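One-letter residues, chain by chain:
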Amino acid sequence: MSSSTLAASTARRGSDYARLSRRVAEAGLLHRRPGWYTACIVGTLGTFLAGWALVAMVGDSWWQLPLAVVMAVATTQVAFLGHDAGHRQMFRRRGHSEAAGLIAGNLAVGLSYGWWVDKHNRHHANPNHADEDPDVGAGALVWTHEQVMATRGFGRWMARRQAFLFFPLLLLEGLALHVASIRALTDREPGGGWRVPVRHRAVEALLLVAHTVGYVGLLLAVMSPVKALLFAVIHQALWGLYMGCAFAPNHKGMLMPTDEDDLDYLRKQVLTSRNVSGGWFVDLALGGLNYQIEHHLFPNMPRGNLRRVQPLVKAYCIEQGISYAETGLIDSYRQGLAHLHEVGRPLREG
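Okay, so let's go over this structure. (Residues numbered from 1 in each chain as written. Predicted model: local features only at pLDDT ≥ 70, side-chain atom pairs only at ≥ 80, totals over all residues. Heavy atoms only, no water.)

1. Things to note about the packing of aromatic side chains
Any two aromatic rings considered together are summarised by their centre-to-centre distance and by the angle between their planes.
Logical step 1: All told, the structure shown has 11 aromatic pairs when counted by the stated rule.
Logical step 2: Ring geometry for tryptophan 36 against tyrosine 37: centres 4.9 Å apart, planes inclined by 85°, an arrangement best described as edge-to-face.
Logical step 3: Measuring from centroid to centroid gives 5.9 Å for tryptophan 52 and phenylalanine 231, while their planes differ by 45°, and the two rings are tilted. In this pair, tryptophan 52 is assigned in helix α3 (residues 34-58) and phenylalanine 231 in helix α11 (residues 225-247), connecting sequence segments 179 residues apart. Here tryptophan 52 matches phenylalanine 231 in class, with each residue buried.
Logical step 4: Through pairs of rings, three or more aromatic residues link up here, namely Phe48, Trp52, Tyr215 and Phe231. (Phe/Tyr/Trp six-rings, centres within 6.5 Å; stacked < 30°, edge-to-face > 60°. Helix = DSSP H or I, 4+ residues; strand = E, 2+ residues; numbered from the N terminus. Buried < 20%, exposed > 50% of the residue type's maximum accessible area, 1.4 Å probe, protein only.)

Here it is in structure tokens:
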């Protein structure tokens, strides 16, 4: 996006988001969907539990390996429920949302709900801001010229090739999420305070232990150690890959604001986000995250309303002269990988 386009996009202030919010509220699209979520929760958790029951029934068989693929999909769908709970899309009351998030995140998936909510809220507050959004902070991948220039050694070698390494690295994302969850609950600052604010630290730790004991215990109880290890490797690797593939299309390759860009809330959320088209299958596969623009504008909106609000939001953005990004799933990955490849160009040319 050129500087002139960005300047034009920031010219109008104040009431633009308020007018959009009124239109959305008048359409009744901010109301909770208890019936929709009841069906979603029953279907998702029912499939998840049925999958583990099938693992127990199949026993010590190599058919467990295809089941590990199925369970990676089911685990990610449960994680999407945890995401919705974290945004209080299901319930108005905080306690109900936290209970749902702890069950879906800590107990079912093995992911710290409190750590994820803290991290994800910071992402929503400043999407794609390299200094404020933890999702684009320097790590195994780098997203800005400044991050690239700061790399050294093996990190610099990776940065040169990061577009090609992106999907292989996602196979380690599941393990990284588990490790980050444990560290969030145990790490302290030098002064003695907790590094990550977590409201129910003891409960979260207990549920993570219960998840780990149940997971390892079930696998070793029904299959040989070798098959159990292979099941866990496939399950965790594909869960991480699926999670990464669900979140990657949303912002990668979009505008990355800095402190100098004076964006209002509406433009900050729209210009940094990308929608992914594709119908009901993409809606299901990406857990509603394909409506990323609408989700960022109205994070508390129930997932089932995102498809319904999308035409209204798109029309309003066109009315206001705000660029509204929408593309297919494959092209969304192409754009994200192109950004990673371009960021690493100075190292390849140097």
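2. Quick word on the side chain of serine 332
Logical step 1: Tracing the backbone through its elements, the reader meets serine 332 in helix α16 (residues 329-343).
Logical step 2: Within the local environment of serine 332, its side chain forms a polar contact with the backbone oxygen of leucine 329, the two atoms lying 2.5 Å apart.
Logical step 3: Among residues more than four places away in sequence, those in contact with serine 332 are Pro249, Arg274, Val276 and Thr327. (Polar contact = N/O pair within 3.5 Å; in protein donor to acceptor, adjacent residues only side chain to side chain. Contact = heavy atoms within 4.5 Å.)

3. Points about the packing of helix α4 (residues 64-86) against helix α6 (residues 113-125)
Logical step 1: Between α4 and α6, the shortest axis-to-axis distance is 10 Å and the interhelical angle comes to 60°. Here α4 is positioned oblique relative to α6, judged by the angle of their axes. Handedness of the crossing formed by α4 with α6: right-handed. In this structure, α4 contributes Gly82, His83, Ala85 and Gly86 to the contact, and α6 contributes Tyr113, Trp116, Val117 and His120. (Axes fitted to C-alpha atoms, helices over the stretch in contact; angles between N-to-C directions. Parallel < 35°, antiparallel > 145°, perpendicular 65-115°, else oblique. Left-handed = near helix turned anticlockwise from the far one by under 90°.)

4. Brief notes about the nonpolar core
Logical step 1: Core analysis: the largest hydrophobic core is formed by 36 residues, its most contacted members being Trp52, Val55, Trp115, Leu219 and Phe231.
Logical step 2: At the level of secondary structure, the elements contributing two or more residues to this core comprise α3, α4, α5 (94-109), α6, α9 (173-186), α10 (201-222) and α11.
Logical step 3: Here the element with the most residues in this core is α4; it accounts for 7 residues.
Logical step 4: Those residues in contact with valine 55, other than ones at most four positions away along the chain, are Gln64, Leu67, Met71, Leu219, Val222, Met223 and Phe231.
Logical step 5: Ranked by size, the runner-up nonpolar core spans 20 residues in total, among them Leu263, Leu306, Tyr316 and Cys317. (Core = buried A, V, L, I, M, F, W, Y, C linked by side-chain atoms within 4.5 Å.)

5. Topic: α16
Logical step 1: Over its 15 residues, α16 extends 22 Å from the first C-alpha to the last, a length consistent with the 21 Å expected when each residue adds 1.5 Å.
Logical step 2: Looking at α16, one finds that the buried residues are Ser332, Tyr333, Gly336, His339, Leu340 and Val343. The buried residues of α16 occupy one face: seen down the axis, they fall within an arc of 120°.
Logical step 3: Turning to α16, the residues buried within the fold contact α7 (145-149), α8 (153-170), α11, β1 (275-276), β2 (326-327) and α17 (345-349). (Expected span 1.5 Å × (residues − 1). Arc of directions from axis to C-beta.)

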